[in-house]
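Spelled out, the chains give:
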Amino acid sequence: MNRIQSKLQEDKKLLSIYFTAGYPNINDTVTIIENLEKNGVDMIEIGLPFSDPLADGPTIQDSSTAALKNGMTTEVLFNQLKDIRKTVNIPLIIMGYFNPMFQYGVEAFCKKCQDFGIDGLIIPDLPVDVYHEEYQAIFEKYGLINVFLITPQTSDERIRYIDSISNGFIYMVSSASTTGAQSGFGEEQTAYFERIANMNLKNQQIIGFGISNNETFTQATKYSKGAIIGSAFVKHVTKQGINTIDNFVNVILN
Amino acid sequence: MKLKICGMKYQDNIEQVAALQPDYLGFIFYEDTPRHFDTKIPNISEHIKKVGVFVNEEISTVIEKVNEFNLDAVQLHGEESPYYCSILRSTKLFSNDTPIEIIKVFSIKDKFNFDILEAYENVCDFYLFDTKGKLPGGNGYRFDWSLLNNYPSSKPFFLSGGIGIDQVEDIKNFKASQASKYCYALDVNSKFEKEPGLKNTSVLREFINKLNNKKTMNYNVDDRGYYGEFGGAFIPEMLYPNVEELRQNYLKVMAEPDFQKEFDQLLKDYVGRPSPLYFAKRLSEKYNAKIYLKREDLNHTGAHKINNTIGQILMAKRLGKSRIIAETGAGQHGVATATVCALMGLECIVYMGEIDIARQAPNVARMKMLGATVVPALSGSRTLKDATNEAIRDWINNPVNTHYIIGSAIGPHPYPDMVTRFQAVISEEIKWQLKAHEGRENPDYVVACIGGGSNAAGTYYHYLHEPEVGIIAVEAAGLGVDSGESAATSVLGKEGIIHGCKTLLMQTNDGQITEPYSISAGLDYPGVGPMHAHLSKTGRAEFLSITDSDAMEAGLELSKLEGIIPAIETSHALAIFGQRTFKPDDVIVVSLSGRGDKDLQNYIDYFKI
Ligand SMILES: Cc1ncc(COP(=O)(O)O)c(C=O)c1O
């Protein structure tokens with residue numbers, strides 16, 4: 001069983017953290033991953049930076065630009081992750097835009113992921129249909145789980161379709177927004193969370209976008225299996241560097 | 001029936017024609033013809049037989065050429081005797097010890113006495129029947145094929161003489177008739193040429209497809225949203241409902257009579273269409289060709305961009321949207337969007353790179369006067385690409401009430417097709433306007449500059465499937481294609497994904513999108529619309545790139561010769577006359593996509609006026 005699937009079976013709410021690889025410094029990747037695991041994070045999304053991250057707000061855009069300036073590339077990231085499974089056990093997901101993977105070669109990319117113990121991918125601009133028709137077989141060949149997004153605007157019919165071709169979890173975008181856009185959840189969001197929870201989907205949901213503290217984490221996980229924090233964590237390392245990751249995680253979980 | 005393409009001359013052209021996989025390619029070694037072959041034959045598929053064409057040549061020379069060029073066949077066009085043919089049939093003469101095919105030509109005028117064939121029955125492999133004329137072959141007209149009803153032999157023959165794309169139906173009828181019983185191959189030449197020896201591959205392709213009843217190459221979008229391998233909708237799920245709503249409705253809405261009526265009326269009364277098709281006399285004299293300018297610069301707001309914004313604002317209203325967003329580079333599309341929003345009383349937000357805001361100040365002021373909010377794009381390189389990113393992010397954040405008016409033939413399906421259809425009014429008008437000027441709807445060439453490719457798409461649209469119309473696409477070379485400061489996407493780009501579509505894209509090996517450069521803000525885009533990527537890949541369009549300095553000079557030249565100051569984008573299209581020659585009777589229509597008012601400061605700085 002894939003590590004993501006085992007993790008989803010644990011009887012607890014999951015905290016997943018996104019960070020941009022190569023930021024703040026090019027060689028922080030492994031340290032960040034190890035520290036996150038040590039402090040009780042359940043799953044990690046390693047952001048492969050892209051020059052034009054359409055679905056991201058300013059925080060992740062800026063960290064991506066900085067990471068690219070620092071020299072981050074697909075090859076560099078894979079080199080950093082070579083021995084990651086000697087020290088880290090939690091599920092690791094690479095999150096990135098499709099073009100860099102397409103240039104690397106989708107199959108070559110998937111193979112490297114398998115070689116180094118990556119469990120899944122999140123590719124916001126790879127449409128479900130294209131994945132299904134062209135790439136699903138390759139992903140499955142290398143044991144990778146592809147995670148799809150849904151939003152408050154996604155129709156029930158489409159959610160069921162996405163559910164039918166997912167085999168990990170569904171990434172529930174909390175509101176119509178890019179990453180890092182809002183603070184706190186209102187009635188509209190909770191109604192949406194409830195609606196999805198009541199659909200009894202085959203795959204569990206993890207909520208992301210707009211989760212930044214203990215309060216929003218608790219709200220989101222009331223209706224779902226877990227929550228993903230991205231921009232808030234990136235802001236934290238921007239301000240405080242990577243030595244106080246324990247503080248950040250403790251504040252969320254307690 | 002097999003196909004032989006004769007009169008090959010130029011190496012590149014030979015390779016392109018070979019890619020069409022004909023059965024034979026002919027090289028004429030007879031010296032008294034403009035198609036005389038005197039270079040090397042590039043490496044081509046071994047399935048294509050190479051034929052040397054000779055007229056009463058010394059046998060030793062024929063043998064020499066067969067050995068030198070590795071010919072598979074010789075075609076004898078003179079009064080070669082049966083004895084002559086029989087000598088060439090001897091394998092021993094040739095270095096690779098394999099026999100060559102002997103094709104003996106007979107020219108037919110109104111009558112033909114087939115008795116002459118008898119003496120050749122045992123010394124050649126094929127006959128070739130050609131039209132008798134002034135020249136030994138290549139006269140360009142047909143003989144009466146029904147004469148072949150009396151063909152007494154059972155030797156396979158080639159049918160030749162003036163065969164062109166117009167005769168596809170006649171060929172099909174001939175094929176169905178008794179006269180074609182032993183017809184082995186068609187032989188084509190002069191009717192598929194741009195000039196003697198230079199074959200027109202797109203017409204040839206069309207001919208082959210038509211003969212095989214194959215659906216001809218489609219240059220329009222298919223129902224999956226692709227142009228060949230380019231296009232599609234690579235969008236985050238957040239945008240799916242918006243883009244899907246548009247995809248499901250755009251053709252339906254555009255087909256509504258009410259919509260068409262309103263669109264046409266506004267184009268006429270508000271934009272000022274039809275825009276004139278102007279014969280540029282002094283420019284034509286200078287470059288020795290017939291040059292027409294399609295005056296999109298005379299549209300309201302000074303460029304073609306408004307054709308699209310009128311269409312899209314009507315679309316947005318039909319879809320019940322109340323808020324409009326747009327990206328802009330040079331500011332032309334921003335102004336055109338702000339204008340139609342003012343016209344319809346809708347809220348308008350225009351994203352514009354911080355750098356472009358500085359270099360296009362007059363257009364920023366215009367947008368503000370028109371009531372739009374101009375939001376600087378501060379991310380990335382702070383130009384058009386980043387403005388587009390910001391507009392897309394805005395749309396993600398405002399999915400319900402907002403319509404995004406994309407300004408070029410780019411973005412996720414259905415945008416490239418929708419924008420193209422709104423801009424297609426350009427070529428629709430050219431057709432009837434040119435008919436009035438020249439007595440024909442089809443020019444020899446249509447020419448346009450390409451940023452994302454909307455004025456080009458509109459200029460080409462009704463000519464895409466007219467193979468005799470050459471399509472010329474002009475990209476910005478910036479400081480030079482190899483300078484590192486360029487926007488020549490068809491040369492520098494690789495397949496990739498930008499702003500929701502798969503197309504040719506300037507990028508690093510690692511798949512990061514790179515910054516293009518051009519003196520013109522409207523051509524400064526790292527991708528190109530997917531239709532144009534397809535036109536480039538299939539060879540349907542000829543892509544040229546023009547440097548900053550050549551464009552600026554061409555802009556100044558048009559001003560002095562014709563009294564028209566063009567936009568710098570447009571100047572790129574005009575600069576091809578300094579780079580490429582045309583025949584004196586070629587009719588060339590150039591899309592004069594915009595006027596130069598917005599670029600005055602650039603011209604002033606450049607020429608120190
Ligand atoms: C006058 C003019 N021509 C051409 C272009 C290039 O755009 P497109 O390739 O979409 O026609 C622009 C863009 O701003 C323009 O203003």
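Residues numbered from 1 in each chain as written. Chains lettered and ligands numbered in written order. Predicted model: local features only at pLDDT ≥ 70, side-chain atom pairs only at ≥ 80, totals over all residues. Heavy atoms only, no water.

1. Brief notes about the pattern of salt bridges
All names here are of chain B. One pass over the structure, following the stated rule, counts 49 salt bridges over all chains. A salt bridge links Asp187 to Lys4, with the nearest nitrogen and oxygen atoms 2.9 Å apart. Here the residue Asp187 occupies a position in strand E8 (residues 183–188), and Lys4 occupies one in strand E1 (residues 2–5), the gap between them amounting to 183 residues. By the burial criterion, Asp187 is buried, and Lys4 matches it. Among the salt bridges present, the one from Glu193 reaches Arg35, with a minimum N-O distance of 2.8 Å. (Salt bridge = Lys/Arg side-chain N within 4 Å of Asp/Glu carboxyl O. Helix = DSSP H or I, 4+ residues; strand = E, 2+ residues; numbered from the N terminus. Buried < 20%, exposed > 50% of the residue type's maximum accessible area, 1.4 Å probe, protein only.)

2. Considerations on the environment of Met8 of chain B
All names here are of chain B. Structurally, Met8 can be placed in the loop between E1 and helix H1 (11–18). Relative accessible area serves as the criterion here: at 0%, Met8 is assigned to the buried category. Look past the residues within four positions of Met8 in its chain and what remains in contact with it is Asn13, Ile14, Val17, Leu25, Gly26, Phe27, Arg35, Phe37, Gly197 and Lys199. (Contact = heavy atoms within 4.5 Å.)

3. Here's the deal with the sheet that holds strand E4 (residues 73–76) of chain B
All names here are of chain B. Ordered by their spatial adjacency, eight strands build a closed barrel running E1-E2-E3-E4-E5-E6-E7-E8, and the pairing between neighbours is parallel. Pairs of neighbouring strands in the sheet enclose a mean axial angle of 30 degrees, with direction left out of account. Bridging between strand E2 (residues 24–28) and strand E3 (residues 49–54) involves five bridges; their strand directions are parallel. Across the sheet, residue Ile28 finds its bridge partner in E3, namely Val53. Packed onto the sheet, helix H5 (residues 201–211) meets E1 and E8 and runs at close to 155 degrees relative to E8. (Pairing = 2+ DSSP bridges. Axes fitted to C-alpha atoms, helices over the stretch in contact; angles between N-to-C directions.)

4. Here's the deal with the site of the ligand
All names here are of chain B. The immediate surroundings of the ligand are formed by 18 residues, with Ser408, Gly451, Gly453, Ser454 and Ser593 found nearest. Take Gly451: an N or O atom from its main chain is 2.7 Å from an oxygen atom of the ligand. Measuring from an oxygen atom of the ligand, one finds a backbone N or O atom of Gly452 at 3.2 Å. A total of 390 Å² of accessible area belongs to the ligand in isolation, and the protein chains cover 97% of it. Judged by the fraction of its atoms near the pocket grid, the ligand is located in the largest cavity. Of the residues that constitute the shell around the ligand, the class distribution is five nonpolar, eleven polar and two charged. (Near = heavy atom within 4 Å. Polar contact = N/O pair within 3.5 Å; in protein donor to acceptor, adjacent residues only side chain to side chain. Areas by Shrake-Rupley, 256 points an atom, 1.4 Å probe, with all protein chains shown as cover. 1 Å grid on protein atoms, 1.4 Å probe; cavity = no way out; pocket = protein on both sides within 12 Å on 5 of 7 lines; lining within 4 Å. Sits in = over half its atoms within 2 Å of the grid points. Nonpolar A, V, L, I, M, F, W, Y, C, P; charged D, E, K, R; others polar.)

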